[in-house]
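Inside the fold
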Amino acid sequence: MYTTTAELWAEAQKKEVPLSQIVLESEMKLTGVSQKVVYDRLRATFAVMKKAAENALEHPLHTVGSLIEGVAQTQYQYSQSGKTLCGPMLNLMMARAFSCSETNAAMGRICAAPTAGASGIVPAVILTVAEHLQATEEIVLRGLLVSSGIGAVITRNATVSGAEGGCQAECGVAAAMASAAAVEMSGGNGEQAMHAAAFALVNIMGLICDPIAGLVQMPCAQRNASQAMNAMLSADFALAGQKCPIPLDEVIDAMYKTGKMLPMQLRETALGGIAATPTGKRLATQIFTT
Amino acid sequence: MNLSIFDVLGPIMIGPSSSHTAGAARLAYIARQIVAAPYHHVDFYLHGSFAQTYRGHGTDKALVAGALGMREDDERLASSFEMAEDAKLTYQFLPIELENAHENTVKMVFHLDAGGTSVVIGSSLGGARILITEIDGFPTEYNATSPTLLITQQDTRGIISKITSVLAAIEINIGVMKLSRKDKGSIASCIIETDEPIPDEVGEILSRIPQIHRVRIINTY
């Protein structure tokens, strides 16, 4: 049984299996169910993720206050324009992350990963990597296992609540989960997956939670798209052979402590950051008086 | 790891907020199981963050959806107001300040078709986890994660052993058991959480015990 990412990695090394196998075995042991039951549930989870990631690509969804209506469609159409800077694959990934956020804000069905506000990152990254690699379903499910293993350690040892740790604890953690998944799906080893997750958190250390009008829309949707990018580039750092000098467990602890140092205004209260700008405040008044 | 991967990749839910939307739907859904009688009107008293932000997070729609029997992942949740109209269920949202209550707390007053009211108070703790803190005046701590028997009984000697022997006879293991009473010798409440689903016959057998006033079984949670 692992309680830290170091223990997760040590168990995988000892048994000479990928991280996902340790996460799978731990889940079977904890819940007393077979591999088939875990896989069936992962399939159902992934189906919800996939639908949310496609839901808003073709048409805008109505949301309270309309702060992010149509963001997924805009990015999706641009991804097919042939004129993008980041290329069609990454622009499609951003569109998928936007689609999950738009679906969530429009009261559609999503899978919290690890939270509803950050529910676009893991789906967008795993779908995009799977498509890029023409991966089998088994590899996709393995990706979900790795991401949830990393996420479980962070949930247990730190926090995944924006009210407690800021956006780094929600979208940052989702990026760490997704980057570790991307590495294993790409054939990287467990150590590289851990470095990728550490890089993702290092890249986002200290990010505040400052939702306009307190709604899970802006900047949440943009953070989902940008943290999906963070997950991908962090995975590429690790796959290139870069090593994060600070171990993942220490980075997680640093993220947690940093979150605790953030003043209350920067933790989901809509009293700081872009929420507290003149325009942010005006939007909030407009939304709640109409 | 003592945390399921489906607590990390999950819950599957209707957005936008696991605490303010999914948790709210669950609170009303579980309250509906607790009330277990037809009702035509619900007053939702909102405390703390629920009172401040309920409109932006669809807490109102989620509560009504739960009161109509919808789960937190039901895609009809967003149109619960229209569905309530069809079902002739009326409702209102009122601010309230409750003492020592969690930020996201709701007091639900169900107006029963048979007359009278049933009151359930509960909090949404985040990640769609909930805690029911009061049922019809009885304080409790009930998180609705396993099959549950809710019993109201006369506070008399030996009643608890009668209840547990019924469960033992059909090989149901008690996980958690909580007792509370208003006054010594008056009406008491007993909440029993079990490892296995509770068959309906348990309710019938327990109801035959003279000191037991009411038995409710919650197998969907």
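These figures come from a predicted structure and were not determined experimentally.

Comments concerning the overall build of chain B
Helix and strand counts for chain B come out as seven helices and eleven strands. Relative to the 2.2 N^0.38 estimate, which gives 17 Å for 221 residues, the radius of gyration of chain B is 18 Å and therefore close to what a compact globule would have. In terms of principal-axis extent, the alpha carbons of chain B reach across some 50 × 45 × 35 Å. By the burial criterion, 43% of the 221 residues in chain B qualify as buried. A separation of at least 24 residues holds for 66% of the contacts in chain B among residues at least 6 apart in sequence.

Some remarks on the sheet that holds strand β2 (residues 39-48) of chain B
All names here are of chain B. What the six strands build is an open sheet, ordered β3-β2-β4-β5-β6-β7; its pairing is mixed. One side of each edge strand has no neighbouring strand; the edge strands of this open sheet are β3 (90-95) and β7 (138-142). Taking each pair of neighbouring strands and ignoring which way they run, the sheet shows an average axis angle of 20°. One ladder, built from nine bridges, connects β2 with strand β4 (residues 104-112); its direction is antiparallel.

So, the nonpolar core
Residues and elements named next belong to chain A. With 167 residues, the main nonpolar core has Ile121, Val125 and Ala178 as its most contacted residues. Per element, the largest residue contribution to this core is 14 residues, and it comes from helix α9 (residues 167-185). Contacts of Ala178, omitting those with residues within four sequence positions, involve Ile121, Val122, Val125, Ile126, Ser147, Ala228 and Ala231.

Quick look at the domain arrangement of chain B
All names here are of chain B. With domains assigned, chain B is organised as domain 1 (5-142) and domain 2 (148-218). Here domain 1 and domain 2 have C-alpha centroids that lie 25 Å from each other. Listed as interface residues are ten residues of domain 1 and, on the opposing side, eight residues of domain 2. Of all the secondary structure elements, the ones that give two or more residues to the side of domain 1 that touches domain 2 are α2 (18-35) and β7. With five residues, the top contributor of residues to the side of domain 1 that touches domain 2 is β7. For the side of domain 1 that touches domain 2, the class distribution of residues is six nonpolar, three polar and one charged.

Notes on the interface of chain A and chain B
Put simply, an interface is often sized by how much accessible area is lost when its parts join up. Between chain A and chain B, the contact holds 37 residues from the first and 25 residues from the second. Residue assignment for the side of chain A that touches chain B shows that the elements contributing at least two residues are α2 (19-31), α3 (35-55), α5 (87-105), β1 (109-111) and α7 (137-157) of chain A. Per-element tally for the side of chain A that touches chain B: the top contributor is α7(A), with seven residues.

What about the environment of Ile191(B)?
Residue and element names in this part refer to chain B. Position of Ile191 relative to the elements: it lies in strand β10 (residues 187-194). Classification of Ile191 by C-beta neighbours within 10 Å gives buried; the count is 22. Spatially, the C-alpha atoms of Ile191 and Leu179 are 6.5 Å apart, while their sequence positions differ by twelve residues. With near-sequence residues (within four places) excluded, Ile191 lies in contact with Thr140, Tyr142, Thr148, Leu150 and Lys178.

Points about the packing of α2(B) against helix α4 (residues 59-67) of chain B
Think of two packed helices as two axes; the pair is described by the angle between the axes and how far apart they sit. Residues and elements named next belong to chain B. Interaxial distance between α2 and α4 falls to 7 Å at its minimum, and their mutual angle equals 25°. The orientation of α2 relative to α4 falls into the category roughly parallel. Regarding α2 and α4, the two cross each other, and that crossing is right-handed. Taken together, the residues of α4 that come into contact with α2 (itself represented by His20, Thr21, Ala24, Ala25, Arg26, Leu27, Ala28, Tyr29 and Arg32) are Thr59, Ala62, Leu63, Ala65, Gly66 and Ala67. A per-class count over the contact of α2 with α4 returns nine nonpolar, four polar and two charged.

Observations regarding α9(A)
Given 3.6 residues per turn, any residue in an α-helix points the same way as the ones three and four places further on. Residues and elements named next belong to chain A. Taking 1.5 Å of rise per residue, 19 residues should cover 27 Å, and α9 covers 26 Å from first to last C-alpha, within 8% of that figure. In terms of burial, α9 is a largely internal element, 19 of the 19 residues being buried. Phi for Gly187, located one or two positions after α9, is positive at around 95°.

Observations regarding the packing of α3(A) against α5(A)
Residues and elements named next belong to chain A. Contact geometry for α3 and α5: axes closest at 6 Å, N-to-C directions at 95°. One finds that α3 runs roughly perpendicular with respect to α5. Contacts between α3 and α5 involve Ala52, Ala53, Glu54 and Asn55 from the former and Arg96, Ser99, Cys100 and Thr103 from the latter. Residues of the contact of α3 with α5, tallied by class, amount to three nonpolar, three polar and two charged.

Conventions we followed
Every residue gets a number counted from 1 within its own chain, in the order that chain's sequence is written. Each chain is given a letter, starting from A, and each ligand a number, starting from 1, according to the order in which they appear as written. Confidence filtering applies because this is a predicted model: local features only for residues at pLDDT of at least 70, side-chain atom pairs given and counted only at 80 or more, and all residues used for totals across whole chains, interfaces and linings. Counting from the N terminus, the helices are DSSP H or I runs at least four residues long and the strands are E runs at least two residues long. The atom set for the radius of gyration is the C-alpha atoms, and the globule formula is 2.2 Å times the number of residues raised to the power 0.38. Any residue whose C-beta has 12 or fewer other C-beta atoms within 10 Å is treated as exposed, any with 20 or more as buried, and any in between as partly exposed, C-beta atoms being built from the backbone. In this description, a residue-residue contact is defined by the distance between C-beta atoms placed from the backbone, which must lie within 7 Å. By this definition, two strands are paired if DSSP reports at least two bridges between them. Lines fitted to C-alpha atoms define the axes here, with helix axes fitted over just the stretch in contact, and angles between the N-to-C directions of these axes take values from 0 to 180 degrees. Note on terminology: a nonpolar core is any set of buried Ala, Val, Leu, Ile, Met, Phe, Trp, Tyr and Cys residues joined through C-beta atoms within 7 Å. Boundaries of every domain are those given by an automatic assignment or by a domain database. Side-chain classes follow a simple rule in which Ala, Val, Leu, Ile, Met, Phe, Trp, Tyr, Cys and Pro form the nonpolar group, Asp, Glu, Lys and Arg form the charged group, and the remainder, Gly included, forms the polar group. For classification purposes, an angle smaller than 35 degrees is called roughly parallel, one larger than 145 roughly antiparallel, one from 65 to 115 roughly perpendicular, and anything else oblique. Handedness of each helix crossing follows the sense of rotation of the near helix against the far helix: counterclockwise by less than a right angle gives left-handed, clockwise gives right-handed. Each residue after the first adds 1.5 Å to the expected span of a helix.

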